[in-house]
Amino acid sequence: FRNSSPIFFFYPRIPKQLRIVYASLKDTLNQIAYQQKSLDIRLEIFGETHLLIAINYHNLGTCYGSQGNYQLAIAYYQKALPILLQTTGKYSTSIAQLYSNLAKYFGKLSNYEQAFEHYQLALQSVCPTFNSTHFNQTSLLQSCISLHVLFKILNQKAQTQYNYYKKQNPQPANLGACLQTYLLADELANLMRQSYQTEDSKLTLGNTIKETYQHALLALYELTQLGENTTVPKQIDVVLQGKSAEEISWHFIEKSKAIVLLSNLKDAEAKVLGKIPAQLLQIEENIKAQLNYLNKTITDQEAKPPEQQNTELLFDCKEKQFEYKEQWRQLTAQLEKDYPDYYQLKHQTNVRSIAELRGTLSPQTALLNYFVGDDYVYVATLTTTQLYVKQIVKPNNFDTLCTNAVGYTKSNRQTYFDAGHKLYQLLVAPLLEQLTPPITHLLVLPDAKLSEVPFEALLTHAVSHTQSFAHQPYLLHQYSISYHYSASLWQYSKSRAQQKHTNIAQNQPSFVGF
């Protein structure tokens, strides 16, 4: 029957199609029902140790976990584990993600000992040379078989560490361990960005990184709230490398915005100023296009259940991917050697340091760097003498306030006035309280929905719709206001303009006798 009947492969897939529909509708109960039907069919056909059985167990664990039934989720993951270990071996992304999911749900149940034990197993699976006894950051990154999976594990681990600190053991050392994990994820993000060749993949990475920084900012804010009498362990000083929590917060806020924008800008400028032949640029673009296609094809195939994968196509793509990666490595080495200006311009995309920004800032200017998260808005304010970070609870109607503050008509004048004043109270007034003279100019670096808000038109006092529109207490009456995408891009554009001015001055002809 198994070898002759065409229904052998088709029959177990019938419930799968229904599961896909219910998954798209986020109907967890029906997902579970059809996962169970698929499992029953496959158990009858394949027995208890087949890879497809492990996939069903894993999917049931995920469904129960999304329902909040963490005990049952763990039970199904544990059923899948020995089958996957036998099929894929210990060192694989599938095993690493399974261990990480187990760790996450043990953490949800406040079983932190089991949680951290499984996170270590996850790290060992994705980084074969990782030594859980002697933590070595360099070896962890260099031996990784999947940067994407490692990044996901580090994020889950850091969130569990934060919950452990908040809910069970509020010792500063535990907060330091959480921050260490986030900083490692930040370093990993740099490696991932360098390996992504296309703008789409960089933007996807940017969104992923922003979610990471959102949680990291919460942990850093906790550090700033430790009382003056609290003894901060040396571990945290080592983790922060001598920087303050405010400096690291600024770095995360800035990096969440600048990394993709600055990378694309530098890439474009490098092609103009690097004096690289058009032929080599075309070779570079061709390799990037091929790698993008191959990476997408491999990802799409590996996302499918094993029985639906085109193994011949997958093998062919991986073979070509290896060849193009080697071509990319050789081309990069050639560019670095023969065209150092191009290489340096393209790859030096670190966000600007506090010292660099202060060297460009005028004493009259304050940078207001906003980060809009799910629950909080963070604002890092920088002047030539000050740096402080505010955490603001994000109201439920935040997006509506931003929309209402964009424009007005006669019919919605009061709505416009109310939104403008509320946003001023929420986003600006708490910052101005700490600004010291002689600040006269605000450089606003907005984020997300705030990019639509005209800060000049925010109202410093509540007003009535019966009052004249032309004579209102706008913020513009107190400060001049300008905008930029990020502080790094602002400083970069300022330095480029200064360099052009210097070059023009140096090349001015000398007219003797006049």
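Structure: above.
Definitions and cut-offs
- Residues numbered from 1 in each chain as written.
- Predicted model: local features only at pLDDT ≥ 70, side-chain atom pairs only at ≥ 80, totals over all residues.
- Heavy atoms only, no water.
- Helix = DSSP H or I, 4+ residues; strand = E, 2+ residues; numbered from the N terminus.
- Buried < 20%, exposed > 50% of the residue type's maximum accessible area, 1.4 Å probe, protein only.
- Contact = heavy atoms within 4.5 Å.
- Areas by Shrake-Rupley, 256 points an atom, 1.4 Å probe, with all protein chains shown as cover.
- Phe/Tyr/Trp six-rings, centres within 6.5 Å; stacked < 30°, edge-to-face > 60°.
- Lys NZ or Arg CZ within 6 Å of the ring centre and 35° of its normal.
- Core = buried A, V, L, I, M, F, W, Y, C linked by side-chain atoms within 4.5 Å.
- Axes fitted to C-alpha atoms, helices over the stretch in contact; angles between N-to-C directions.
- Parallel < 35°, antiparallel > 145°, perpendicular 65-115°, else oblique.
- Left-handed = near helix turned anticlockwise from the far one by under 90°.

Here we look at the overall build of the chain
When you go through the chain residue by residue, the secondary structure sums to 21 helices and 5 strands. Within the span of the chain, comprising 514 residues, buried residues form 45% of the whole. Restricting the contact set of the chain to residue pairs at least 6 apart, pairs at least 24 apart contribute 68%. Per element, the accessible surface of the chain, about 26,800 Å² overall, is 51% carbon and sulfur.

Considerations on the packing of aromatic side chains
Counted under the stated rule, the structure contains 13 aromatic pairs. Ring geometry for tyrosine 70 versus tyrosine 105: centroids 5.4 Å apart, planes at 20°, classification stacked. Of this pair, tyrosine 70 sits in helix α5 (residues 70–88) while tyrosine 105 sits in helix α6 (residues 93–108); the two residues are 35 residues apart in sequence, bridging distant segments of the chain. The exposure class assigned to tyrosine 105 is buried, which follows from its relative accessible area of 6%. Taking 5.6 Å as the distance between ring centres and 80° as the angle between the ring planes, the aromatic pair formed by phenylalanine 116 and tyrosine 164 counts as edge-to-face. With phenylalanine 116 in helix α7 (residues 112–126) and tyrosine 164 in helix α9 (residues 147–167), this pair connects stretches of sequence that are 48 residues apart. Taken together, the aromatic side chains of Tyr57, Tyr64 and Tyr76 make up a single cluster linked through ring pairs. The side chain of lysine 210 reaches across the aromatic face of phenylalanine 371, ending 5.1 Å from its centre.

As for the side chain of aspartate 186
In this fold, aspartate 186 is placed in helix α10 (residues 172–195). Taking the relative accessible area as the measure of exposure, aspartate 186 reaches 8% and is therefore buried. For aspartate 186, the contacting residues outside a window of four places in its chain are Tyr213, His251, Phe252 and Lys255.

Things to note about the nonpolar core
In terms of nonpolar packing, the biggest core is built from 78 residues, with Val126, Leu150, Ile153, Leu223 and Trp250 touching the most fellow members. Top element by residues in this core is α10. It accounts for 9 residues. In terms of nonpolar packing, the next biggest core, distinct from the first, is built from 32 residues, Val372, Leu401, Leu432 and Ile481 among them.

What to know about the packing of α6 against α7
Between α6 and α7, the shortest axis-to-axis distance is 8 Å and the interhelical angle comes to 165°. As judged from the angle between their axes, α6 and α7 are roughly antiparallel. Crossing of α6 against α7: the hand is left-handed. Contact with α6, carried on its side by Ile95, Ala96, Tyr99, Ser100, Leu102, Ala103, Lys104, Phe106 and Gly107, involves Tyr112, Gln114, Ala115, His118, Tyr119, Leu121, Ala122, Ser125 and Val126 of α7 and no other residues of that element.

Looking at unusual backbone geometry
What you tend to see is this: most non-glycine residues have negative phi, and most peptide bonds are trans. Residue proline 438 is bonded to the preceding proline 437 through a cis peptide linkage, with omega at 15°. Despite not being glycine, serine 110 shows a phi value in the positive range, around 65°. Along the chain, serine 110 turns up in the loop between α6 and α7. According to the relative accessible area criterion, serine 110 is partly exposed, its value standing at 37%. The phi torsion at alanine 448 lies on the positive side, around 50°, for a residue other than glycine. Its place among the elements puts alanine 448 in the loop between β4 (441–445) and β5 (480–483).

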